[in-house]
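Below are the chains, spelled out letter by letter.
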Amino acid sequence: MTELDRNITVVTLFGFVTLLSLIEMYFSYAHDSKRYHGRDTLTNVYLMFAAFIVNLATKAGTFMLLDYVYRHHRLFQITNVYLYWIVLILVQDFLYWVLHYTGHYVRFFWAMHVTHHSSQYFNLTTGFRSTVFEPLYRAFFYLPLALMGFNALDILFAYLVTQIYGNLVHTQTIGKLHPLFEYIFVSPSHHRVHHASNLRYLDKNMGMILIIWDRLFGTFQKELDEEKIVYGLTKQPEDTGAINIIFHEFSALMADVKKAPRLLDKIRYFLYPPGWSHDGSTHTARVQQRQLLKQG
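Just so it is clear, the model here is predicted, and its values are computed rather than measured.

**Re the overall build of the protein**
Phase 1 of the analysis: When helices and strands are counted, the protein shows 13 helices and zero strands.
Phase 2 of the analysis: Going from N to C terminus, the protein has its helices and strands arranged as α-α-α-α-α-α-α-α-α-α-α-α-α.
Phase 3 of the analysis: The C-alpha radius of gyration computed for the protein amounts to 20 Å, which stays within 12% of the reference 19 Å derived for 296 residues, consistent with globular compactness.
Phase 4 of the analysis: Each principal axis of the C-alpha atoms in the protein carries an extent, and together these give about 55 × 55 × 40 Å.
Phase 5 of the analysis: When the 296 residues of the protein are sorted by exposure, 48% land in the buried category.
Phase 6 of the analysis: Within the protein, residue pairs in contact and separated by at least 24 positions form 70% of the contacts whose partners lie at least 6 positions apart.
Phase 7 of the analysis: Within the structure as shown, the protein displays about 15,700 Å² of accessible surface, and the carbon and sulfur contribution to it stands at 67%.
Phase 8 of the analysis: For the protein, the separation between the mean place of its 26 positive charges and that of its 22 negative charges on side chains is 5 Å.

**Some remarks on the nonpolar core**
Phase 1 of the analysis: Ranked by internal contacts, the top residues of the largest apolar core, which has 33 residues, are L88, Y142, L145, F150 and I155.
Phase 2 of the analysis: Looking at this core, the elements with two or more residues in it are helix 2 (38–73), helix 3 (81–105), helix 4 (107–113), helix 6 (143–147) and helix 7 (152–168).
Phase 3 of the analysis: Per-element accounting of this core gives the leading share, nine residues, to helix 3.
Phase 4 of the analysis: Among all residues touching Y142, those that are not within four sequence positions of it are L66, Q92, L95, Y96, L99, I155 and Y159.
Phase 5 of the analysis: Of all hydrophobic cores here, the second largest spans seven residues; its members include V193, A196, Y201 and Y231.

**Things to note about the packing of aromatic side chains**
What characterises a pair of aromatic rings is the spacing of the ring centres plus the angle enclosed by the ring planes.
Phase 1 of the analysis: On inspection of all chains with the given rule, the structure shows 23 aromatic pairs.
Phase 2 of the analysis: Seen from their ring centres, Y101 and Y105 are 4.3 Å apart, and the 20 degrees between their planes marks the pair as stacked. Placement of both Y101 and Y105 in helix 3 is noted, with a separation of four residues, approximately one turn of the helix.
Phase 3 of the analysis: A relative accessible area of 10% places Y105 in the buried class.
Phase 4 of the analysis: The rings of F108, F109, F133, Y137, F141, F247, F250 and F270 are connected pair by pair, giving a single aromatic cluster.
Phase 5 of the analysis: Stacked on the ring of Y70, the Lys or Arg R74 has its end atom at 4.5 Å from the ring centre.

**Quick word on a nonpolar patch on the surface**
Phase 1 of the analysis: Side chains of V45, F49, F52, I53 and L56 sit close together on the surface and give an oily, nonpolar patch of about 510 Å² of accessible area.
Phase 2 of the analysis: Tracing the sequence through the fold places I53 in helix 2.

**Topic: the UniProt feature "transmembrane region" (unreviewed entry) in the protein**
Phase 1 of the analysis: When the UniProt feature table is mapped to this numbering, "transmembrane region" (unreviewed entry) covers residues 7–27, 47–69, 81–99 and 139–161.
Phase 2 of the analysis: For residues 81–99, the helix share is 100%, the strand share is 0%, and the end-to-end C-alpha distance is 26 Å.

**Some words on the environment of V11**
Phase 1 of the analysis: Its location among the elements puts V11 in helix 1 (residues 3–30).
Phase 2 of the analysis: Taking relative accessible area as the criterion, V11 reaches 58% and is therefore assigned exposed.
Phase 3 of the analysis: In this structure the C-alpha to C-alpha distance between V11 and V69, which are 58 residues apart in sequence, comes to 28 Å.

**Concerning the environment of L88**
Phase 1 of the analysis: Along the chain, L88 falls in helix 3.
Phase 2 of the analysis: For L88, a relative accessible area of 0% translates into the label buried.
Phase 3 of the analysis: Spatially, the C-alpha atoms of L88 and Y159 are 9.8 Å apart, while their sequence positions differ by 71 residues.

**Thoughts on unusual backbone geometry**
Phase 1 of the analysis: Of note, D203 is a non-glycine position whose phi angle comes to about 60 degrees, a positive value.
Phase 2 of the analysis: The phi angle at N205 is positive, at roughly 55 degrees, despite the residue not being glycine.
Phase 3 of the analysis: With respect to the helices and strands, the residue N205 is situated in the loop between helix 9 (188–194) and helix 10 (212–217).
Phase 4 of the analysis: Residue N205 is classed as buried on the basis of its relative accessible area, which comes to 1%.

Definitions and cut-offs
- All residue numbers here refer to positions counted from 1 along the written sequence of the relevant chain.
- Thresholds applied to this predicted model are a pLDDT of at least 70 for local features of residues and 80 or more for the giving and counting of side-chain atom pairs; totals over whole chains, interfaces and linings are not thresholded and use all residues.
- The side-chain quantities take in all heavy atoms of the structure and omit both hydrogens and water.
- Only DSSP runs of H or I with at least four residues qualify as helices, and only runs of E with at least two residues qualify as strands; both kinds are numbered from the N terminus onward.
- Taken over C-alpha atoms, the radius of gyration is set against a globule rule of 2.2 Å times the number of residues to the power 0.38.
- Only protein chains enter the accessibility calculation, which uses a 1.4 Å probe. A residue is then buried if its area is under 20% of the maximum for its type, exposed if over 50%, and partly exposed in between.
- When checking whether two residues touch, look at their non-hydrogen atoms; a contact exists if any pair is within 4.5 Å.
- Using a 1.4 Å probe, the Shrake-Rupley method yields the accessible areas, and only the shown protein chains count as cover for residues.
- Charged residues are defined here as Lys and Arg on the positive side and Asp and Glu on the negative side; His and the ends of the chain fall outside this count.
- Taken as the charge centre is NZ of Lys, CZ of Arg, CG of Asp or CD of Glu, depending on the residue.
- What we call a nonpolar core is a set of buried Ala, Val, Leu, Ile, Met, Phe, Trp, Tyr and Cys residues that are connected through their side-chain atoms within 4.5 Å.
- For Phe, Tyr and Trp, where Trp contributes only its six-membered ring, two rings pair if their centres lie within 6.5 Å, and the inter-plane angle classes them as stacked under 30 degrees, edge-to-face over 60, or tilted in between.
- Counted as over-ring charges are cases with an Arg CZ or a Lys NZ within 6 Å of the ring centre that also lie within 35 degrees of the ring normal.
- Exposure above 30% relative accessible area and the absence of a salt bridge qualify a residue for a patch, where like charges join within 9 Å and nonpolar side chains (Val, Leu, Ile, Met, Phe, Trp, Tyr) within 5 Å.
- What counts as a salt bridge is simple: a side-chain nitrogen of Lys or Arg found within 4 Å of a carboxyl oxygen of Asp or Glu.
- UniProt positions are given in the numbering used here, feature names are shortened, and annotations may be inferred rather than shown by experiment.

Below is the structure:
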């Protein structure tokens, strides 16, 4: 596949998602379903462009890092073109799950990822509400792909294509799909759970394409008919301006770090999951979920 073919494919897919977003937006307003809100949608677009600028600024460095590892340190090379792309997509999807899991369970990374979860609306444009600073560290999670003999251009192309799928599951328009599909692949239902602020749903369904990683590693939660999803964060920032949406969790993190009397606890605030506290005044979602299960 040539560079031109890659660019045409990405632009076409992005255009397709944009068109679907406009159609969904039109029907939302036409039927007054209140799935879109003007300012919220503009914030999604703003954050998408902010992430695009960071992506653009880091693209050369990302490519050079992946290319260097591929050229000088790859362990083997898959020669069959079909097997090459199948393995690339599968392993990349798993590594994305690891990246996403880290974004939820390490507070320093959550401070960056939180922007994607900050909307109290859930629609196709929510997928554009990007983790602005993720391009600064994402390449390090994909280094194993270069070690496995996948070249940098193919890694970046596969990532962009799978991201398009990830955008498509940000919708309330589609209900639950066939059970076999829902067992293997991430569906809109699965991803609605992921964006919920309900305690039962927190930090679940991290996959991009395949939901099997969540089933294997204990982070799967199905959407329950008896528990309506409330979108957004457990504690919404009062200032919903785009700048505060990007930086508010960093401010909260540093406030907690200052309160910790010991250096070790200060470090733990960066590395432990959101909700952890040195004095036990707050608890992680996982601890609260265990308490919820005990209550029946």
